[in-house]
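So the chains spell out like this:
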Amino acid sequence: MLKVNDINVYYGQIHALKNVSIEVNQGEIVALIGANGAGKSTALRTISGLLRSKTGSITLFDEDISKTEACKLVEKGLAHVPEGRRIFLQMTVLENLEMGAYTNPTNVKAGISEVFERFPRLKHRKDQIAGTLSGGEQQMLAMGRALMSKPKLLMLDEPSMGLSPILVQQIFDIIKELHSSGTTILLVEQNAEMALNIANRAYVLESGKIKLSGTGKELAQSDEIKKAYLGG
């Protein structure tokens, strides 16, 4: 579904991604793990068209999207839930969801019903200003807004950040539900243990380079990964 081949991304003089190549097959959960500053968010921002690579290519469904505008990628089936959620804080929950449907305006009511079914808490707060929601509710809203575009590939950037352990478990349960219902997921996570537990495959980014890759189970059992990320 997605193939990232040999990308190099810079912030001015800073070489943030170095010859990075990853693949996501249809129906997979693929995790991208690594320490703060490793380049995980940069990778997602480059895939979604917010940053540009100096080299290589990015293909989605065998189409080169390396130069495609971010808004056009949503129409092609790619949705990105950014780090920090980035919901519209002054709008209501309902208005945020409606904004998520701008590329899919014919089925807004059905889409909202599906989101409320998946996130019942949002239904009870549909007229509430988004900025007054709890952190967990804001993360649910960010994910719900992305789902309004009916994505084939959903990219999640640090969905568990800043949440209590109970809410983290809820968010991961939702990710598993989305996957089982047919959504392909590229997941960036600092909680390596939980990410590897649900991932079909995973990549480890270190200082902008892919250091390791393998199945989620293989990496979870790797002594190197245990020492660096799992506290083992």
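That block above? That's the structure.
Position numbers for residues count from 1 along each chain, tracking the sequence in the order it is written. In view of the model being predicted, local features appear only for residues whose pLDDT reaches at least 70, and side-chain atom pairs are presented and counted only at 80 or more, with totals across whole chains, interfaces and linings using the full set of residues. Side-chain numbers here rest on the full set of heavy atoms in the structure, without hydrogens or water.

J.: Looking at this structure, how should I read the side chain of Q138?
T.: With respect to the helices, strands and loops of the structure, Q138 is situated in helix 6 (residues 135-147). What qualifies as a polar contact is a pair of N or O atoms within 3.5 Å, subject to a donor-acceptor requirement within protein and to the restriction that residues adjacent in sequence count only when both atoms come from side chains. From its side chain, Q138 meets the backbone oxygen of A130 in a polar contact 3.4 Å long. Note on contacts: a residue pair qualifies if any of its non-hydrogen atoms lie within 4.5 Å across the two residues. The residues touching Q138, leaving out its near neighbours within four places in the chain, are R85, I87, L89, A130, G131 and L133. Secondary structure elements are taken from DSSP: a helix is a run of H or I of four residues or more, a strand is a run of E of two residues or more, and numbering for both begins at the N terminus.

J.: Where do I start with the sheet that holds strand 2 (residues 14-24) in this structure?
T.: Strands in a sheet are paired, the pairing made by backbone hydrogen bonds, and the direction either parallel or antiparallel. When DSSP finds at least two bridges between two strands, those strands are taken to pair. Pairing in this open sheet of four strands is antiparallel, and the strands run 2-1-4-5 from one edge to the other. The sheet is open, and its two edges are formed by strand 2 and strand 5 (63-64), each paired on a single side. Direction of pairing for strand 4 (residues 57-60) relative to strand 5: antiparallel, over a ladder of two bridges. Looking across to strand 5, one finds that T59 is bridged to D64. Here, axes are lines fitted to C-alpha atoms. For helices the fit covers the stretch in contact, and angles between N-to-C directions go from 0 to 180 degrees. Helix 1 (residues 40-47) contacts strand 1 (2-11), strand 2 and strand 4 of the sheet and is inclined by roughly 115° relative to strand 1.

J.: Please explain the nonpolar core as it appears in this structure.
T.: Nonpolar side chains tend to gather and get buried jointly when the protein is soluble and globular. By convention a nonpolar core is built from buried Ala, Val, Leu, Ile, Met, Phe, Trp, Tyr and Cys residues, the set being connected through side-chain atoms within 4.5 Å. For every residue, the accessible area (1.4 Å probe, protein chains only) is compared with the maximum for its type, and the residue is labelled buried under 20%, exposed over 50%, or partly exposed between those bounds. Within the largest apolar cluster, 44 residues are counted, with the highest numbers of intra-cluster contacts made by M143, L154 and I175. With seven residues, the top contributor of residues to this core is helix 7 (residues 165-180). Counting 27 residues, the second-largest nonpolar core is a separate cluster that includes V4, A38, L73 and V188.

J.: What am I meant to see in helix 1 here?
T.: In an α-helix, one full turn covers 3.6 residues, which means residues spaced three or four apart are oriented alike. For helix 1, the buried fraction is high: seven of the eight residues fall into the buried class. Residues K40, S41, T42, A43, L44, T46 and I47 constitute the buried set of helix 1. Following helix 1 by one or two positions, G49 has its phi on the positive side, about 85°.

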